[in-house]
Amino acid sequence: MNERSQQKPSAAAGKSAMRLRGLIRKEFLQIFRDPSSIAIAFLMPVVLLLLFGYGVSLDSESIPVALVVEQPSADTASFTAAFNQSRYFVPTSYASTQAAESAMMAGKVHAVLVLRQDFAQRLRGPGSAPIQLIVNGVDANTARIISGYVEGVWGRWLEHLALARGESLATPVRIEQRVWFNSELRSRNFLVPGLIAIIMTLIGALLTAMVMAREWERGTMEALMVTPVSMHEVILGKLIPYFILGLGGLALSVAMALWLFDVPLRGSPWLLFGASALFLLTALGMGLFISTIARSQFVAGQIAIITTFLPAFLLSGFIFDIGSMPAIVQTLTHAIAARYYVAILQTVFLAGNVWSVILPNVLGLCVLAVIFLGLTIRKSRKRLE
Amino acid sequence: MWRRIFALAIKEFLTLLKDKRSRVVIFVPPLIQLMVFGYAATFDLKHVPFAVFNEDRGTVSRELVAAFHGAPSFEEVARLRQDHEIAPMIDSQQALMVIRIGPRFSADLLSGRSAPLQVIVDGRNSNTAQLVVNYAQAIVKGFNSDWIASHGGRPPAAVIETRAWFNPNLESRWFFVPGIVGLLTLLVTMLVTALSVAREREQGTFDQLLVTPLRPGEILLGKALPSFVIGMGEATAIILVAVFWFHVPLLGKLLTLYTGVVLFLLSAIGLGLMISSLAVTQQQGLLGAFFFLVPAIILSGFATPIENMPSLVQHLTLLNPMRYFLVILRGVFLEGTPFELLLEPFVAMAAIGAVALAAATWLFRNRMY
């Protein structure tokens, strides 16, 4: 240290740059020798995005439902016709409620609609004719969506009925819904940007989680320590090559989202790029930190499995709305880098450059990046245990 | 032969548990994650922030807004006065929904005409958006029937009476907590198995194992045994928390549930050891673990229904043990499904487990370098 501080600053900087170049070159050689890093950066985003982009969807269509009409008439026929026309349902007729219910028990249908014997009679009477809807509540979300769809069909059928009878439909308040940013409610439009966040979390952590631990485990860290490189240079030497690899994977993911899955990009591509680079830095920082505290690849791998995927999947707002979680859990989500990135991605892709959303989230990412990299530097001093 | 396997199993236990960090990592985070995820994973919306833009001066619109205030799912965050205040409200995510009431709202209703209520929703998360619309519709439906009751008018010719089976209040936590039991059991098994063979290869102790009298199948069995014991222990702990902390009803028989747990552990351990035998370095083992874990969870029906997937992907999920385990967990927990109705998933998991363990043994023997 003393020797170096006596040198002229420019000469020291030049030497440092040279050492850094050497470290980066070494890391790249190592990357090419074991192709698993390259697989992580390029193969993983393609495979996962293909699988999930096509596979993951919350848009229920062609839901199998059972229809039980106890006393067929012209009115019940018009009601069942309304169901046959809906693209959300595939209705099947059952002779009795019992048969329909056992079909639901066996998982063949998700819901049972029953028109009782007196349906036509009560429809013409002064009161309301009941339509029984039984849904399988195990998947509560799907159950709610089904009952929403059924009410949609029911509402349109009532309108037709009123029109046919020459009455005005007496619904006092009618809802006119406007869904912004995604008017067709296409779930792929928000799932694909969210998946990019999850995939980048995995790439970032997988690339770096083992690299420091590997040096400690194999004893090459001690070899590095006797050279004039400083710990900062070692960490930078690890960060830069994997950052470059990660950017490649990122570009691939964004390209697939835009051109394969037709997700609209309404914000600026540069903003997307900048925020993504920042997130990548945070994710790599987290990996390096795991690697540094674990000291053995086995433990580093275990920590990476536990701390990356499931938290990013469940606590990032990717699928589950953060605002509906209990306060303590909401506070915890602030430690998950993917949370900020998901918010940025969904906004930049679907809404545009909304700075009031982007700036706080960028700030959150910066804080996490500083914490992870800062802790990594603190924890990895040139010292043997 | 059993003594040899037993000795190896003890050695495996020791390598797993002697490192303090590893010991902590295997036991503490899964239980913490169960608590956190159990609360986080829900599609039930609470305190949805909404804003009101009311151009109407009548009392009727105030009643409608009051109906929204009365619902626990909504929380008013702003009162808007101008048209152009709506967009920034939604854009900045301050409000997830804006309800807009036109100037003739009260007049229309009082004179017996139908009045529109505009509901503007942030569609960035389309599932949340759809739920918000459904919630709003339920409130308006209630308002309408009250209005008809108090102001006269013809009730709708037909009404829908909805009942939900197995989960009458449609609590989505009941659906997700059994799913999390599966998620974390899978996670723990991967933690224990995925790197275990790769580590021996990388550290050179693999060759030492090979010169012992143990046969490859026996070595693998010795490696599988500790994973099985740890997996059973943690699965039990997780099930206890699900039942006694989250109060998810467990309607079915424990025997049925544990048949599922045992078969799932066998298949997950088989796949974990297969990945581990395939990997030459621990880095590759970790990569393999993620390449299995992530699709296994996302394509299991945990959060998004398998039926919504294209048929090609649906066929792929047939290879996923997690898919069957979730069917068993949810069936036994919520529906009380009897043993004989679950034979199909039991057999499928057993088949996956048998094939994976055989493949792991083969790889173990034939991948020496």
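Residues numbered from 1 in each chain as written. Chains lettered and ligands numbered in written order. Predicted model: local features only at pLDDT ≥ 70, side-chain atom pairs only at ≥ 80, totals over all residues. Heavy atoms only, no water.

**Observations concerning the packing of helix H8 (residues 196–203) of chain B against helix H11 (residues 254–278) of chain B**
Residue and element names in this part refer to chain B. Which entries qualify depends on this criterion: To define axes, lines are fitted to C-alpha atoms, for helices over the stretch in contact only, and angles between the resulting N-to-C directions are given on a 0 to 180 degree scale. By definition, any uninterrupted DSSP run of H or I lasting at least four residues is a helix, any uninterrupted run of E lasting at least two residues is a strand, and each is numbered from the N terminus. By definition in this entry, angles of less than 35 degrees are roughly parallel, angles greater than 145 are roughly antiparallel, angles of 65 to 115 are roughly perpendicular, and the rest are oblique. Less than a right angle of anticlockwise turn of the near helix away from the far helix marks a crossing as left-handed, whereas a clockwise turn marks it as right-handed. The criterion used for residue contact is that any of the two residues' heavy atoms lie within 4.5 Å. The classification used treats Ala, Val, Leu, Ile, Met, Phe, Trp, Tyr, Cys and Pro as nonpolar, Asp, Glu, Lys and Arg as charged, and all other residues, Gly among them, as polar.
Two elements in contact, H8 and H11, have axes whose closest approach is 7 Å; the angle formed by their N-to-C orientations is 20 degrees. When the axis of H8 is compared with that of H11, the two are roughly parallel. Every pair of crossing elements has a handedness; the one defined by H8 and H11 is right-handed. Across the interface between the two elements, Ser196, Val197, Ala198 and Arg201 from H8 touch Leu273, Ser276 and Ser277 from H11. Along the lines of polarity and charge, the residues of the contact of H8 with H11 split into three nonpolar, three polar and one charged.

**Observations regarding the pairing of strand S1 (residues 48–54) of chain B**
All names here are of chain B. Here is the rule we go by: Whether a residue is buried, partly exposed or exposed follows from its accessible area with a 1.4 Å probe, protein chains only, as a fraction of its type maximum: under 20%, in between, or over 50%, in that order. When DSSP finds at least two bridges between two strands, those strands are taken to pair. With the strands pointing away from the viewer, any crossover whose connection runs clockwise from the first strand over the helix to the second is right-handed.
Of all the seven residues making up S1, five are buried; the element is thus mostly covered by neighbouring parts of the structure. Sheet topology note: the S1/strand S2 (residues 74–80) ladder contains six bridges and is parallel. Note on S2: the bridge partner recorded for valine 48 is phenylalanine 74. The β-α-β motif built from S1, the intervening helix H3 (residues 59–70) and the parallel element S2 has right-handed crossover chirality. In this structure, S1 lies alongside strand S3 (residues 97–101), joined through five bridges in parallel fashion.

**Remarks on the interface of chain B and chain A**
For clarity, the threshold we go by: Buried area: the accessible surface (1.4 Å probe) lost by two parts on joining, summed over both. Salt bridges, as used here, are contacts in which a Lys or Arg side-chain nitrogen is within 4 Å of a carboxyl oxygen on Asp or Glu.
In this complex, chain B contributes 114 residues to the contact, which on the side of chain A involves 117 residues. Roughly 10,400 Å² is buried in total at the junction of chain B and chain A, and carbon and sulfur atoms are behind 66% of that figure. Summed over the three residues of chain B that lose the most area to chain A, namely Arg124, Trp165 and Gln283 of chain B, the buried surface amounts to 8% of that side. Connecting chain B to chain A are three salt bridges. Arginine 218 of chain A is the salt-bridge partner of glutamate 202 of chain B, the closest N and O atoms lying 3.2 Å from each other. Looking at the side of chain B that touches chain A, the element that brings in the most residues is helix H6 (residues 126–151) of chain B, giving 17 residues.

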